[in-house]
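Given next are the chains, with one letter for each unit.
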Amino acid sequence: MKNNKNSNNANFKNVAKSFFRKEDAFLIPNILCYLRVLLVIAFMICYLIPFEIHGNELAHIYIATGIMMLAAYSDFIDGYIARTFDQKSELGKVLDPIADKLLQLGIIIVLVIKYHSSIYVCMMFSVFLAKEITLFFEDLFMARRNTSFDGAKWYGKVSSFVFYVVTCFILLVVPFLSLSMDMENQMIIINVCCIIATICLILAWVMYFLLFLKLMKKANTPSTEKKSSDSEDSKHD
């Protein structure tokens, strides 16, 4: 029992060392991931704390838009640098999706704070949170079976694309529509957008869960076959 515990601790240390090497911490793609996390915080602050510049009441929206675009661009450029200049790392494989999810979470938190009265906004937030928590535990469970989703699937990418388009439209375009549209019509547009995004999130969630079941069944098959093979051998003996 003690040997098993020591072995597990040794394996954990080896895994930790492979993911968190000092030389990887300062690679440019990883530094851009740190920057993206800081930009998420800056975006939330700028959007939620209104301020004027030369009498422009929507100045904070302009600045928040610029920050969000910079964060999104950093997501593209860090991958390009990693591939082009051979700066891929295990740490980067962990940091990049975390930074992406934090950006999505930051956007949807701002959305919920601003439009908390809409049940559809809250529903989209709940589905998003449940989906990400489920995927996190599925990843952990599969890691123990030495398997994984092996990257984002097309339905996950489509869901993320729709999510970004919808949330960015609500946060960055709807405030300008308020200049020529009443609140009731604004909320209709917001609710329709949230319903579309929620449907895409649910579909991706279900597809990932079905893939999870398929991968787990595949991971368990070899051990089952091995047991039956051992059983056959013992009978022949």
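Throughout what follows, the structure given in this document is the object of discussion.

How each quantity is defined
Residues numbered from 1 in each chain as written. Predicted model: local features only at pLDDT ≥ 70, side-chain atom pairs only at ≥ 80, totals over all residues. Heavy atoms only, no water. Core = buried A, V, L, I, M, F, W, Y, C linked by side-chain atoms within 4.5 Å. Buried < 20%, exposed > 50% of the residue type's maximum accessible area, 1.4 Å probe, protein only. Helix = DSSP H or I, 4+ residues; strand = E, 2+ residues; numbered from the N terminus. Contact = heavy atoms within 4.5 Å. Phe/Tyr/Trp six-rings, centres within 6.5 Å; stacked < 30°, edge-to-face > 60°. Lys NZ or Arg CZ within 6 Å of the ring centre and 35° of its normal.

**Comments concerning the nonpolar core**
Here is step 1: Ranked by internal contacts, the top residues of the largest apolar core, which has 37 residues, are F43, Y47, Y115, I170, L171 and I190.
Here is step 2: Looking at this core, the elements with two or more residues in it are α3 (28-48), α4 (59-84), α5 (90-114), α6 (119-143), α7 (154-172) and α9 (183-236).
Here is step 3: In this structure, Y47 is in contact with H60, I61, A64, V110, K114, L171, L172 and P175, ignoring residues within four places of it in sequence.
Here is step 4: M142, Y155, F212 and L215 belong to the second largest nonpolar core, which has nine residues in total.

**As for the packing of aromatic side chains**
Here is step 1: One pass over the structure, following the stated rule, counts twelve aromatic pairs.
Here is step 2: Relative to Y80, the ring of F76 has its centre 6.4 Å away and its plane inclined at 20°; by these criteria the two rings are stacked. In this pair, F76 and Y80 both sit in helix α4, four residues apart, roughly one turn of the helix.
Here is step 3: Residue classification places Y80 among the partly exposed residues on the basis of a relative accessible area of 39%.
Here is step 4: Taking the centre distance of 5.4 Å and the plane angle of 75° together, the rings of F136 and F137 count as edge-to-face.
Here is step 5: Accessibility expressed as a relative area gives 48% for F136, which makes it partly exposed.
Here is step 6: One residue, K114, lies across the ring of Y115, its end atom 5.8 Å from the ring centre.

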